[in-house]
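These are the residues of each chain, in order.
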Amino acid sequence: MQQYEIYAIKYAGPFTSSGAFIMWMKNWSDTVERNYYFWVITNSTTTIVVDAGVSPQMARQRKLVNYVSPDSALKTIDIDANTVEHVILTHIHWDHAGGLSLFPEASVYVQEKEYQFWMKDPISKSPAFSFFWDEALNKNLSDIENSGRLKLIDGDQQILPGVECILAPGHSIALQAVAVNTVKGTSILGSDCAHFFKNYQHNWPSALIADMVGWMQSFEKLKQKVSSPELLFPGHDPLMSQNYPEIEEGITRLV
Ligand SMILES: [Zn+2]
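Conventions adopted
Residues numbered from 1 in each chain as written. Predicted model: local features only at pLDDT ≥ 70, side-chain atom pairs only at ≥ 80, totals over all residues. Heavy atoms only, no water. Phe/Tyr/Trp six-rings, centres within 6.5 Å; stacked < 30°, edge-to-face > 60°. Helix = DSSP H or I, 4+ residues; strand = E, 2+ residues; numbered from the N terminus. Buried < 20%, exposed > 50% of the residue type's maximum accessible area, 1.4 Å probe, protein only. Lys NZ or Arg CZ within 6 Å of the ring centre and 35° of its normal. Donors = N, O, S within 2.8 Å, 3.2 Å for Na, K, Ca; no water. Tetrahedral: all angles 85-135°; square planar, octahedral: opposite > 155°, others 65-115°. Pairing = 2+ DSSP bridges. Axes fitted to C-alpha atoms, helices over the stretch in contact; angles between N-to-C directions. Contact = heavy atoms within 4.5 Å. Salt bridge = Lys/Arg side-chain N within 4 Å of Asp/Glu carboxyl O.

Undergrad: Account for the packing of aromatic side chains, with residues named and values stated.
TA: The relation between two aromatic rings is expressed through the spacing of the ring centres and the mutual angle of the planes. Counted according to the given criterion, the structure contains 17 aromatic pairs. With a centroid separation of 6.4 Å and an interplanar angle of 45°, the aromatic rings of Y11 and F38 are classed as tilted. Taken together, the residues span a long stretch of sequence, with Y11 in strand 1 (residues 5–18) and F38 in strand 2 (residues 31–42) at a distance of 27 residues. Look at Y11 and you get buried, because its relative accessible area is 1%. Taking the relative accessible area as the measure of exposure, F38 reaches 0% and is therefore buried. The lysine or arginine in question, R62, covers the ring of W94, its NZ or CZ lying 4.1 Å from the ring centre.

Here is the structure:
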């Protein structure tokens, strides 16, 4: 079985919001900072990028502070975005899928239900959902579909030895987490199945809920699967930058 290291790359932030954004319906008067991340799973033979950050153009439109283009961040750890072979999209929100055009050669793994919802279901264009959408995403996704690089996944599926996509709906219709074989056992990149570590600790969702029952089931599923609780990583927690060794500016080794 292949073993991997996992890196978190902060590509923008911090951004501030009410605490109720992080702990759903709680802590309204707190002010909380969150960062935007994507991740790299790598060993001597294989590199997989998890989520794509956002493109420079989208970062300008959205006025992202402290933005670093994902391809330049990757360059600092000797990864050329132009030749990355595998990109896993955890879900199709702009802050996770908006940089897809920076990975022109990669196979892109996404849950089929997630893809169908955002690309085909008119409900996805209703105001509450279009909050997450961006026209550029449509182009990103049609481009990979037309080039044959789109790999639609149905449920839990190992895509490479030691790397498994795990269906974990809740924050999105068919968000997928990524279970990775590491020196510490099975680690999981949960993406926005929790914005912060404390969502898992308190069994409490963050904001932006597509399916609350699914979310609670996903918490259980990921906690069962991970080798120990501290190996289950959230989507936006600044602790991913603060509590782990920094190997380049904004890049930390999680495992
Ligand atoms: Zn997110």
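Right, picking up where we left off after that structure.
Undergrad: For the coordination of the zinc ion, give the residues involved together with the corresponding values.
TA: Taken together, D95 (OD), H96 (NE2), D192 (OD) and H236 (NE2) make up the protein donors of the zinc ion, found 2.0 to 2.5 Å from the metal. Coordination at the zinc ion is irregular, judged from the four donor atoms that bind it and the angles of 88 to 162° they form at the metal.

Undergrad: Outline the sheet that holds strand 12 (residues 246–248), listing residues and values.
TA: One open sheet holds the eight strands; their spatial order is 6-5-4-3-2-1-13-12, and the pairing between them is mixed. Each edge of the sheet is formed by a strand with only one pairing partner; in this case those strands are strand 6 (150–153) and strand 12. Taken over all neighbouring pairs, the strand axes of this sheet differ in orientation by 30° on average, direction set aside. When strand 1 meets strand 2, the two strands line up antiparallel, connected through eleven bridges. Bridge pairing links I6 to I41 in strand 2. Helix 5 (residues 112–120) rests against strand 5 (107–111) and strand 6 of the sheet, and its axis sits at about 85° to strand 5.

Undergrad: Describe unusual backbone geometry, and please don't skip the residues or the numbers.
TA: Here the residue pair G13 and P14 is connected by a cis peptide bond, since its omega of 10° sits within 30 degrees of zero. Here P14 lies in strand 1. Here the phi dihedral of S191 falls at roughly 50°; this positive angle occurs in a residue that is not glycine. Looking at the element boundaries, S191 is found in the loop between strand 10 (185–189) and helix 8 (197–202). Take S191: its relative accessible area is 1%, and that puts it in the buried class. Not every positive phi belongs to a glycine, and L208 is a case in point at roughly 70°. With respect to the secondary-structure elements, L208 resides in the loop between helix 8 and helix 9 (212–225).

Undergrad: Give me the pairing of strand 10: which residues, what numbers.
TA: Each regular strand displays side chains that alternate between the two surfaces of the sheet. Most of strand 10 is tucked away, with four of its five residues classed as buried. In this structure, strand 9 (residues 176–182) lies alongside strand 10, joined through five bridges in antiparallel fashion. Within strand 10, the position partnered with T182 by the bridge is G185. Turn length for the strand 9-strand 10 hairpin, with the two strands adjacent in sequence and antiparallel, is two residues. Sheet analysis places strand 10 next to strand 11 (residues 232–233), joined by two bridges and oriented parallel. Pairing of I188 across the sheet is with L232, part of strand 11.

Undergrad: Describe in detail the pattern of salt bridges, supporting the description with residues and values.
TA: Once their charged atoms are close, side chains differing in charge can pair, the charge on each being opposite to the other. According to the stated counting rule, one finds four salt bridges in the structure shown. Across the salt bridge formed by R62 and D134, the nearest N and O atoms sit 3.0 Å from each other. Here D134 lies in the loop between helix 6 (127–130) and helix 7 (135–146) and R62 lies in the loop between helix 2 (56–61) and helix 3 (70–75), a separation of 72 residues in the sequence. Its relative accessible area of 11% is what places D134 among the buried residues. Note that D143 and K139 form a salt bridge whose closest N and O atoms lie 2.8 Å from each other. On the criterion of helical spacing, the pair formed by D143 and K139 is a turn pair, its members being four residues apart in helix 7. Judged by relative accessible area, K139 falls into the exposed class, the value being 55%.

In short, shape yes, function no, at least from these values alone.
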